[in-house]
Structure formats: structure tokens, C-alpha cells
Amino acid sequence: MRRFSKSFTQQEPLSEASIEAAVAVMRTGRLHRYNLVEGEQGEVALLEQEFAGSLGVSYALACASGGYALQLALRACGLAPGDPVLCNAFTLSPVPGSIHAAGGEAVLVDILDDTTVDPDDLAAAAEETGAKFFMLSHMRGHIGDMDAIAAVCDAHGITLIEDCAHTMGASYAGRPSGTFGKVGCFSTQTYKHINSGEGGLLATGDPEIMRRAVIMSGSYMLYDRHLAAPGADSFQETRFVAPNMSGRMDNLRAAVLRPQLAELESRQARWNALYRRIEAGLDAHPLVDTIPRNVDEDFVGSSIQFRLPSLEQDQIARFITGCEARGIPLKWYGKPQPEDYTSRYDSWRYLPATRPLPNADRILEQLCDLRLPLTFTEQECDDIVQLMDSAMEEAV
Ligand SMILES: *Cc1c(COP(=O)(O)O)cnc(C)c1O
């Protein structure tokens, strides 16, 4: 049997610019973000300034991971222990995990056929629970109807926090993802859109949320060394009331990220070329439904999702096995036992009893996912589609 031989988890190597910047930091020995010499701004502070500029927001904070940014956002927005926090039923485990870590209780909200959150069920869940926070995951890069979502949040006095782990570089109706809510949270982990191994970024236009986030992230009294934060003299109150929950980013990671941030737009174009090629191939197959893209959505196609709505579970299982045999490791969210990463809410049994989520149950049973690393070419995308077609022929 013919097999696709490249790895779906192999990212590109770091560019020479990133490598040189990292080596330069190592030569100084000053890896800690606040370990600066006279006149030095530091890689982390510069990254924050550049990232805030790229989104057009006033403030940005770099931290230890995307999940940490989510926790920090909730705490900085004033979450109290036991508060309900709305969250999409289809997301990745660090999202409900961050709500749990911050002391909140996740309340899952149902999704639409296109996998984005259902604004009507969002309103229903807000009414049922009185929740005042919504952590919205733009899961797998799909941005839902932001006008409808924002309207529900406004009507219920809900603070919106965006999880942009899959939408760094994306926008909706011309507005960058991460600027619709009070806080936008991003990940710079290896499998996201810029790569520092681990890392997170938080963006906000709210000065008090930013002051709390800075102190909570572990700034000690060194908040004056930030370039994308409110003025140091405005911290007089906050510095005594916000606890230090150590989760800083270091200069080494920031150094490798800065050149990548500048490359984000060209990466998006390359990702979307791969995405559109696979999408066209899959759309030609009568049993495969790709997820329609809203015209307002300017996405980053670093992975692709599709549904198999007319197949039985055993047929999907055979298709997945056939793809695996051909070197194509599809993620199938309907698989009864969770493998590699978990995105099904029944894998998170620490959650309080969940609301009925009939659409999420139905959609996840038929939903498949494929990573698209930039190490692939468009020809290889055609090859992947052909191999998937032959696996499908065998399975049904
Ligand atoms: C990766 C991811 C996160 C968390 O990011 P980390 O940097 O790994 O903590 C949050 N949400 C989603 C949807 C993700 O895919």
C-alpha cells in the first residue's frame, strides 16, 4: 500500500534570525525578563510592544503558556471562587482546565454544525446559570458569528475572554481575533502559529485588567520595565492587592518569537494555500463535508476539519484505520477512547454535571481533523487527498 511518509507534527526549523537572537541572549546570561542593564529594554518587553502593535491594542503581556494566559485573564477580570464560566463544548482540555485552575466552574455551551458556539444556547446558558464570564475558544481557527456572540454578552453583562490559540494572525470583519472581548489570549507553543516551545500572550485595552495581570504574572515591583502596560505611577493600589502567581516569559523565548511575529502574515498565506488545496480535494468527495467559511472570517488554516455526516460509526472507524495505514494520522473526535489530545467534554470528568449538548454530541461523532504543518507542499496535499479517497473507498 502506498504511504504518505512525512510527519504531521514536524514544524519548520527556526529561522537564522531567531537562532541568532537566541544566541545573543544566551551570550549575555540575562535570560530573566527583568534582568536588564542600563538602557536595555529586553526581548520580552519588546515582544509585548510589537505584539500589542500588531493587534492595535494598548497592552500586551507575555507569559508562561496559553493556558496560563487564560487563567490569568479570568483572575484579572475579577473571577471569584465558584463563579460559573461559560465555555464552548468543543474546545481543548487546557480551556476548562484554566477555568478550574482559576477557581471557576465551567458551564459548557452547545455548538452549531460549523463547530462554532451557538449564540442561542449561549443566551440560554447565561440565563440558567447567571454566569458573568464567557471564555470563547476559536477552536481549530473557526471564528463564529462575532456580532451575535457580542450581542448576547452585552445583553447579559458577560465579560468576554477570547481563546485565540488557533487564531493568532486571524481576523473577523477586519478586526483582529483577540480584540473582540476584554482580553485575548494566545499560545506560542510549538503546534500553534509562532513557536517558542511553550509560551503565551495576553492582550487587553483595559488598564486595570492589565495592571493586575502584570503583577499576577510575577512582576514583583518591576512593572516599570514593561513597554506595553499602563504607566508605572498608576500601579500604586494594584501592586498591594494583586497576588504574585509567577508565570513569566523569559528573554530567550521572546527572542525567538520576535522574528516569527514579523513573519506571521506570510505564514498565513502559506498555510491558507495548503488549506485551500486540501479543502478543494475534500469538497470533490460526496461523503465529505468541509466546514464552510464565513466571508467575514480571515482565518489561518493551520489545520482542517471535515464531517462525515452520512457514515455509520464503524465505517468512520474503518476510514480512520485506512488513513493511518496510509501514513495519515487523522484525529477523529468520535473515537470512544481519547488519544493524544482531548477535545471531548466527556474526557473531563472533574467538571460539574454538564447541560444537555445534543448538537456537540452529534457533530463530534462525525468530525475529523488534520494538521497542516508548513513543512508540506501543495503537491503533497493532493497526495494526502488521494490517499484519503482510497481509504474511503475501502471503508464504505
Ligand atoms: C494549545 C491550546 C491552548 C493552550 O495553550 P498552551 O500554550 O498549550 O497552554 C488553549 N486553547 C486551545 C484551543 C489550544 O489549542
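None of these values were measured; they are calculated from a predicted model.

## Observations regarding the sheet that holds strand 7 (residues 175–176)
Thought 1: Taken in spatial order, the 3 strands make up an open sheet running 7-6-11, and their pairing is antiparallel. Because the sheet does not close on itself, it has two edges, and the strands there are strand 7 and strand 11 (297–298).
Thought 2: Pairing between strand 6 (residues 171–172) and strand 7: 2 bridges, direction antiparallel. Bridge pairing links Ser171 to Pro176 in strand 7.

## Focus on the site of the ligand
Thought 1: The local shell around the ligand holds 13 residues, among which Gly67, Asp163, His166, Ser187 and Lys192 are the closest.
Thought 2: Here Gly66 contributes a backbone N or O atom positioned 2.8 Å from an oxygen atom of the ligand.
Thought 3: Residue Ser187 places a side-chain N or O atom 2.7 Å away from an oxygen atom belonging to the ligand.
Thought 4: Burial of the ligand by the protein chains amounts to 93% of its free accessible area of 380 Å².
Thought 5: Elements with a minimum of two residues in the shell around the ligand: helix 3 (66–76) and helix 4 (94–101).

## Brief notes about helix 10 (residues 313–325)
Thought 1: For helix 10, built from 13 residues, the straight-helix expectation of 18 Å at 1.5 Å per residue is met to within 8% by its first-to-last C-alpha distance of 18 Å.
Thought 2: Buried within helix 10 are the following residues: Gln315, Ile316, Phe319, Ile320, Gly322 and Cys323. Buried residues in helix 10, looked at end-on, bunch into an arc of 165°, giving them a common side.
Thought 3: Elements that come into contact with the buried residues of helix 10 comprise strand 12 (303–307), strand 13 (331–332), helix 11 (358–366), strand 14 (367–371) and helix 12 (378–395).
Thought 4: Backbone geometry just downstream of helix 10 places Gly327 in the positive-phi region, at approximately 85°.

## Overview of the domain arrangement of the chain
Thought 1: We note that the domain assignment places domain 1 (16–262) and domain 2 (264–395) within the chain.
Thought 2: The C-alpha centroid of domain 2 is placed 27 Å from the C-alpha centroid of domain 1.
Thought 3: Listed per partner, the contact involves 42 residues of domain 1 and 38 residues of domain 2.
Thought 4: Overall, the association of domain 1 and domain 2 removes approximately 3,400 Å² of surface from exposure, summing both partners, and the carbon and sulfur fraction of that is 53%.

## Points about the pairing of strand 8 (residues 183–187)
Thought 1: With 5 of 5 residues buried, strand 8 lies mostly within the body of the structure.
Thought 2: In strand 8, alternate side chains face the same way, and those of Val183, Cys185 and Ser187 on one face and Gly184 and Phe186 on the other are all buried.
Thought 3: Here strand 5 (residues 159–163) runs beside strand 8; their pairing, made up of 3 bridges, is parallel. If you follow Asp163 over to strand 8, its bridge partner there is Cys185.

Rules behind the numbers
Counting from 1, residues in each chain are numbered in the order their sequence is written. The model is predicted, so local features are restricted to residues of pLDDT at least 70 and side-chain atom pairs to those at 80 or more, both for listing and for counting; the totals for chains, interfaces and linings are taken over all residues. Processing note: side-chain calculations cover all non-hydrogen atoms of the structure and skip hydrogens and water entirely. When DSSP locates at least two bridges between a pair of strands, those strands are taken to pair. Starting at the N terminus, helices and strands are each numbered in turn, a helix being any DSSP run of H or I of at least four residues and a strand any DSSP run of E of at least two. One heavy atom suffices: a residue is near a molecule or strand as soon as one of its heavy atoms comes within 4 Å of it. We define a polar contact as two N or O atoms separated by no more than 3.5 Å, with the added condition that, inside protein, one atom must be a possible hydrogen donor and the other a possible acceptor, whereas residues neighbouring each other in sequence contribute only through side-chain atom pairs. We get accessible surface area from the Shrake-Rupley algorithm with a probe of 1.4 Å; when it comes to residues, only the shown protein chains can shield them. To estimate how far a helix should reach, multiply one less than its number of residues by 1.5 Å. Relative accessible area decides the class of each residue, using a 1.4 Å probe on protein chains only: under 20% of the type maximum gives buried, over 50% gives exposed, and in between gives partly exposed. Each C-beta atom gives one direction from the helix axis, and the arc is the one those directions make. Only heavy atoms enter the contact rule, under which two residues are in contact if any of them lie within 4.5 Å. Domain borders in the structure are assigned automatically or taken from a domain database. Simply put, the buried area is the total loss of 1.4 Å probe accessible area from both parts when two parts are fitted together.

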